[in-house]
Amino acid sequence: MVKLPASKIGWPRPLLQGTLKVQEELVELRSLMNRMPKYCNKFLDIIYDVLKSYKKICHNTFSNIVGINSMSETVCHVWFKDENLKQLIRELPLWVEMFNPEKPVRETSTTNADIVNSINSHLGKEILDKNSVIAESERLIQLAQLQDSITWLLEFVNGLVENLQADKELQEQLSGSNAKLLEDCRGLLGERMSELMQLAEDCLMILYLEIRVQCYYHLLIVLRKQDYKIDIVSSDPDSGVTLLNKFLSQLEEKVRDYLPLSHTKFLFDGLGYIMSGIIVSNASYIKEINNGGLKKMSRNILALQQNLTNITLTCELELERARFYYELLYQKPEEILRNIVEQQKRFTKPEYVELIQLYYRSNRNTKNSNKRAEKQLNLHLLKLNDIMENEPVSNGADNHPDNHLDMTP
């Protein structure tokens, strides 16, 4: 039998205490089977009903935490209802390793890219507000507790079934339908166990999605509402970056008390890819940017990278891509285009278009020069189109520009 860790028994947490009570009931029912073997079928029916009731309570708890029954849906719940997105998440290597290790995995970068595309198709141009996110971190901690409790009880029930099927003494005391029922007890309880396992996976899925919702929520505010044409640069990152870092670090610190290391790793894996994509693909929302703004953006990216590195214990090189993207604005459009030819393209055509347009928005002068700049912009975009049709894609983020040119008007 699986024993509950002693550290959990005294915790004043209803989810864990409720699960412990269910386990105690199952232990008592198992003991009654030995004392009154001819009623084994009745006791198995009771175990079935206990698991059914436990699953109902857990499902109601899950619904309350996620806000399924509330008037306004959270974004993560909307995403959660997308079966295609959920399937993509199930194909992530870390998910496969946790729940389906025999299945062959796809390349991580491809799967992450598909997930980002799916998420972006949901968001569109939508600006997330406070009602879109699960603002109370305690609710997310409860999800981790619920997942932990269900997983532990399932491990116990599986051990109970194995113990019943291996109990030769009990089997010798049974005859007829009772003996056959004992042999088939895994099939009898299997439906309830599968439902509970699905609910445990759903808890992990919601946690995974909500962490990414929080990234979009905070970083889109940073990009859409902050001023990047500044003369005095603070040594601190934007407040939105600070809030996001605080949310991620505190959540990781708390959920690792309940979840296995593999589960915690899964929750935060690929966040650098997500963040980099948000920062690069939303450059169009920056009205203007100068050298001070570029330094500010670099501090934001560095702060995100350092915090994420502390959580995942990896270098998070995907964020280097975002830093390199904005560093290109230290150069003139002619140099940007030349670098694409000489060093291969590192970004998509729309991303380069937004970059060059941002350069021109940030270098407006007189009315006459603006007309000339518009003509130059169109010429550069035409040249970009020609280059992008002929150059292969590079995923690298190295070869950063050494000679930065002042882009201040």
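Quick summary incoming for the structure in this document. (Residues numbered from 1 in each chain as written. Predicted model: local features only at pLDDT ≥ 70, side-chain atom pairs only at ≥ 80, totals over all residues. Heavy atoms only, no water.)

## Overview of the overall build of the protein chain
As a reminder of what qualifies: Counting from the N terminus, the helices are DSSP H or I runs at least four residues long and the strands are E runs at least two residues long. When accessible area is computed with a 1.4 Å probe and restricted to protein chains, residues below 20% of their type maximum are described as buried, those above 50% as exposed, and intermediate ones as partly exposed. Contacts are assigned to residue pairs that have any heavy atoms within 4.5 Å of one another. For the area figures, the Shrake-Rupley method with a 1.4 Å probe applies, and any residue is considered shielded solely by the protein chains shown.
In terms of helices and strands, the protein chain carries 19 helices and 0 strands. Counting only residues that meet the buried cut, the protein chain has 50% of its 409 residues in that class. Put simply, 81% of the contacts in the protein chain that link residues at least 6 apart link residues at least 24 apart. Surface summary for the protein chain: the accessible area is close to 20,500 Å², and the carbon and sulfur share equals 50%.

## Details of the side chain of Glu316
The following threshold applies: Any N or O atom pair separated by 3.5 Å or less is treated as a polar contact, with the protein-specific requirement of one donor-capable and one acceptor-capable atom, and with residues adjacent in sequence counted only for side-chain atom pairs.
With respect to the helices and strands, Glu316 occurs in the loop between helix H15 (291-312) and helix H16 (318-327). Side chain to side chain, Glu316 and Thr312 meet in a polar contact 2.7 Å long. If we skip the residues at most four places from it in the chain, Glu316 touches Gly272, Gln305, Leu308 and Thr309.

## Considerations on the packing of aromatic side chains
For clarity, the cut-off: The rule is short: rings of Phe, Tyr and Trp, with Trp giving its six-membered ring, pair when the centres are within 6.5 Å, and they are stacked under 30 degrees, edge-to-face over 60, tilted in between. For a ring to carry a charge above it, either NZ of a lysine or CZ of an arginine must fall within 6 Å of the ring centroid while also lying within 35 degrees of the normal to the ring plane.
Per the counting criterion, the structure on display carries 11 aromatic pairs. One aromatic cluster is present, formed by Phe324, Tyr325, Tyr326, Phe347 and Tyr352 through successive ring pairs. Against the face of Tyr208 rests Arg212, its NZ or CZ located 3.5 Å from the ring centre. We note Lys296 situated over the ring of Tyr228; from NZ or CZ to the ring centre the distance is 5.1 Å.

## Thoughts on the packing of helix H14 (residues 271-281) against H16
To keep it simple, the criterion reads: An axis is simply a line fitted to the C-alpha atoms; with a helix, the fit covers only the stretch in contact. Between two such axes, the angle follows the N-to-C directions and lies from 0 to 180 degrees. Between 65 and 115 degrees an angle is taken as roughly perpendicular, under 35 as roughly parallel, over 145 as roughly antiparallel, and anywhere else as oblique. Less than a right angle of anticlockwise turn of the near helix away from the far helix marks a crossing as left-handed, whereas a clockwise turn marks it as right-handed. All amino acids are sorted into three groups, where Ala, Val, Leu, Ile, Met, Phe, Trp, Tyr, Cys and Pro are nonpolar, Asp, Glu, Lys and Arg are charged, and the leftover types, Gly among them, are polar.
Taken N-terminus to C-terminus, the directions of H14 and H16 make an angle of 15 degrees; their axes are 7 Å apart at the nearest point. By the angle between their axes, H14 is roughly parallel relative to H16. For H14 against H16, the interelement crossing comes out left-handed. Across from Gly272, Tyr273, Met275, Ser276, Ile279 and Val280 in H14, the residues of H16 making contact are Glu318, Leu319, Arg321, Ala322, Tyr325 and Tyr326. Partitioned by chemical class, the residues of the contact of H14 with H16 number 8 nonpolar, 2 polar and 2 charged.

## Looking at H15
The criterion, for reference: A helix is expected to span 1.5 Å multiplied by its residue count minus one.
With 22 residues, H15 should cover 32 Å at 1.5 Å per step; its first-to-last C-alpha distance of 31 Å lies within 8% of that length. Its side-chain oxygen 3.2 Å from the backbone nitrogen of Gly292, Asn290 forms the N-cap of H15.

## A word on the nonpolar core
How we decide: Here, the term nonpolar core denotes a set of buried Ala, Val, Leu, Ile, Met, Phe, Trp, Tyr and Cys residues that are joined through side-chain atoms within 4.5 Å.
Formed by 125 residues in total, the largest nonpolar core has its most connected members in Leu26, Ile89, Tyr216, Phe266, Leu267 and Tyr326. Here this core takes 22 residues from helix H11 (residues 185-225), the largest share from any one element. Sequence-distant contacts of Tyr216, that is, excluding residues within four places in its chain, are made with Trp79, Val116, Ile119, Asn120, Leu123, Leu128, Ile274 and Ile278.

## Focus: the pattern of salt bridges
For clarity, the threshold we go by: The rule for a salt bridge is simple: a side-chain nitrogen of Lys or Arg has to be within 4 Å of a carboxyl oxygen of Asp or Glu.
The final tally for this structure, using the stated rule, is 12 salt bridges. Note that Lys81 is salt-bridged to Glu73, the shortest N-O span being 2.7 Å. Lys81 sits in the partly exposed class, given a relative accessible area of 49%. The closest approach of N and O atoms between Asp238 and Lys296, which form a salt bridge, is 3.2 Å. Pair noted here: Asp238 is in the loop between H11 and helix H12 (239-255) and Lys296 is in helix H15, with a separation of 58 residues, a long-range link. The burial state of Asp238 is the same as that of Lys296; both residues are buried.

## Brief notes about the packing of H16 against helix H18 (residues 349-361)
Where H16 contacts H18, the axes come no closer than 10 Å and their chain directions differ by 40 degrees. Classed by the angle they form, the pair H16 and H18 counts as oblique. On H18, the residues touching Arg321, Tyr325 and Tyr326 of H16 are Glu351, Glu354, Leu355 and Leu358. When its residues are assigned to classes, the contact of H16 with H18 shows 4 nonpolar, no polar and 3 charged.

## So, unusual backbone geometry
The backbone of Leu313 sits at a positive phi, close to 60 degrees, despite the residue not being glycine. Tracing the backbone shows Leu313 in the loop between H15 and H16. Phi angles above zero are rare outside glycine, and Glu316 is one such case at about 55 degrees.

Purely geometric stuff here, so don't read any function into it on its own.
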